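# Topology and contacts: notes
Residues per chain are reported as follows:
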Amino acid sequence: MPDAAKAHTKAGAKAFVEYFWQVVDYAQATGDTPAITALSLGGCKGCEGGARSIEKVYAAGGSIRGGQTRPSRYRVEWLKAGKLQLAYVTIDLRFSNQTVDMPGSANDKTSGGSHARDRLELLATHDGWKVAQLVVLP
């Protein structure tokens, strides 16, 4: 993780979110998901669901090509609750074309590029940030 992504500042929260999506892209390309869970707190349904989806594909002998993320339009809200430091980072995400290639060809899935608006709710920790929740916004 870059040092900038560990800073408990608005810039640090933005850098952490950029790094988080790089980790997600890596996990999709390789099936290696522990880094996603290492960057999130237990109970982050979006994080856990995303990691499980990737694991399911690779456990069945499949692979994922494409689907890289391109975050933009960051908005960082700074919150403090007692001794807790929180940041809500809202972003636009663009996803490149993606193919989920399963053994054989009957279950392959291809999707064109897409976009979403997400909010990552971050909690400051001793070693940087953790994703407490990942919410896809309407």
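Further up the page is the structure itself.
Presented here is an overview of the structure given in this document.

The rules behind these values
- Each chain has its residues counted from 1, following the order in which its sequence is written.
- pLDDT decides what is reported in this predicted model: residues at 70 or higher carry local features, side-chain atom pairs at 80 or more are listed and counted, and totals for whole chains, interfaces and linings draw on all residues regardless.
- In computing side-chain values, all of the structure's heavy atoms are included and hydrogens and water are not.
- Think of it this way: a Phe, Tyr or Trp ring, Trp meaning its six-membered ring, pairs with another when their centres are within 6.5 Å, and the plane angle makes it stacked under 30 degrees, edge-to-face over 60, tilted otherwise.
- In this scheme, a residue with accessible area under 20% of its type's maximum is buried, one over 50% is exposed, and one in between is partly exposed, where area comes from a 1.4 Å probe on protein chains only.
- Secondary structure elements follow DSSP: runs of H or I of four or more residues count as helices, runs of E of two or more count as strands, with numbering from the N terminus.
- Charge-over-ring contacts are defined here by two conditions on Lys NZ or Arg CZ: a distance within 6 Å of the ring centre and an angle within 35 degrees of the ring normal.
- A pair of strands counts as paired when DSSP detects no fewer than two bridges linking them.

## So, the packing of aromatic side chains
One pass over the full model with this rule turns up two aromatic pairs. Measuring from centroid to centroid gives 5.4 Å for Phe20 and Trp21, while their planes differ by 85°, and the two rings are edge-to-face. You can call Trp21 buried: its relative accessible area is 7%. Residues Trp78 and Trp129 carry aromatic rings whose centres are separated by 5.8 Å and whose planes lie at 75° to one another, so their mutual orientation is edge-to-face. Residue Trp78 is found in strand 2 (residues 69-81), and its partner Trp129 is found in strand 7 (residues 128-137); the two are separated by 51 residues along the sequence. Given a relative accessible area of 1%, Trp129 falls into the buried group. Over the ring of Tyr74 we find Lys14, and its NZ or CZ is 4.8 Å from the ring centre. Positioned above the aromatic ring of Tyr88, the side-chain terminus of Arg119 is 5.4 Å from the ring centre.

## Some words on unusual backbone geometry
Located in the positive-phi region is Arg73, a residue other than glycine, with phi close to 50°. Its location among the elements puts Arg73 in strand 2. Looking at Arg73, the relative accessible area reads 60%, which means it is exposed.

## Some remarks on the pairing of strand 6 (residues 114-125)
As paired strands, strand 3 (residues 84-95) and strand 6 are joined by 10 bridges and run antiparallel to one another. Along strand 6, the bridge assignment pairs Phe95 with Ser114. One ladder, built from nine bridges, connects strand 6 with strand 7; its direction is antiparallel. Looking across to strand 7, one finds that Leu122 is bridged to Val131.

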